[in-house]
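Fold and contact review
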Amino acid sequence: AENIARLRQEIGTLPSGQRHCTELWLSGYTYQEIAKTLRISLDAVRSRLRDARRLLIERLGAKGELPEDES
């Protein structure tokens with residue numbers, strides 16, 4: 001529960017594009033659904049989620065604390 005709280009807190013500090021993509025992804029949206037919802041390209045979704053994941057790993061440390069990515 002503590003890890004989830006830390007993760008949610010750090011997600012809130014991400015740049016808005018990364019935060020929106022991450023929140024939608026964690027809500028169960030597919031990459032295609034995120035792109036359509038935010039009206040951005042699929043490549044932009046991939047890029048934003050990749051960058052968000054890198055930042056979160058950097059801030060939270062252990063890679064195992066993050067949900068697995070959809071490739």
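Residues numbered from 1 in each chain as written. Predicted model: local features only at pLDDT ≥ 70, side-chain atom pairs only at ≥ 80, totals over all residues. Heavy atoms only, no water.

This paragraph deals with helix H3 (residues 31-38). Taken together, the buried positions of H3 are Tyr 31, Ile 34 and Ala 35. For H3, the arc enclosing every buried residue in end-on projection is 100°, short of the 170-degree limit, so these residues lie on one face. Packed against the buried residues of H3 are helix H2 (16-26) and helix H4 (42-60). Following H3 by one or two positions, Arg 39 has its phi on the positive side, about 55°. (Buried < 20%, exposed > 50% of the residue type's maximum accessible area, 1.4 Å probe, protein only. Helix = DSSP H or I, 4+ residues; strand = E, 2+ residues; numbered from the N terminus. Arc of directions from axis to C-beta. Contact = heavy atoms within 4.5 Å.)

Packed helix pairs are specified by the crossing angle of their axes together with the interaxial distance, meaning the distance between the axes. Following both chains from N to C, one finds H2 and H4 inclined at 95°, their axes separated by 9 Å at the closest point. Relative to H4, the element H2 is oriented roughly perpendicular. Of the residues in H4, those touching H2 at Gly 17, Gln 18, Cys 21, Thr 22 and Trp 25 are Val 45, Arg 48, Leu 49, Asp 51, Ala 52 and Leu 55. Residues belonging to the contact of H2 with H4 are distributed by class as follows: 6 nonpolar, 3 polar and 2 charged. (Axes fitted to C-alpha atoms, helices over the stretch in contact; angles between N-to-C directions. Parallel < 35°, antiparallel > 145°, perpendicular 65-115°, else oblique. Nonpolar A, V, L, I, M, F, W, Y, C, P; charged D, E, K, R; others polar.)

Moving on to the side chain of Thr 22. As for its position among the elements, Thr 22 is in helix H2. When sequence neighbours within four positions are dropped, the list of residues in contact with Thr 22 reads Ile 11, Leu 14, Leu 49 and Ala 52.

Glancing now at the pattern of salt bridges. In total, this model carries 3 salt bridges according to the counting rule given. One salt bridge in this structure joins Glu 10 and Arg 59, with 3.5 Å as the shortest N-O distance. Of the two residues, Glu 10 is situated in helix H1 (residues 2-11) and Arg 59 in helix H4; the sequence distance between them amounts to 49 residues. Where Asp 43 meets Arg 46, a salt bridge forms, and the shortest distance between an N and an O atom there is 3.3 Å. Within this pair, Asp 43 and its partner Arg 46 are both found in helix H4, separated by 3 residues, close to a single helical turn. (Salt bridge = Lys/Arg side-chain N within 4 Å of Asp/Glu carboxyl O.)

Cys 21, Leu 24, Trp 25, Tyr 31, Ile 34, Ala 35, Val 45 and Leu 49 form the largest nonpolar core, which has 8 residues in total. Elements supplying a minimum of two residues to this core: H2, H3 and H4. Beyond its immediate chain neighbours, meaning those up to four positions away, Cys 21 contacts Ile 34, Leu 38, Ile 40, Val 45, Arg 48 and Leu 49. (Core = buried A, V, L, I, M, F, W, Y, C linked by side-chain atoms within 4.5 Å.)

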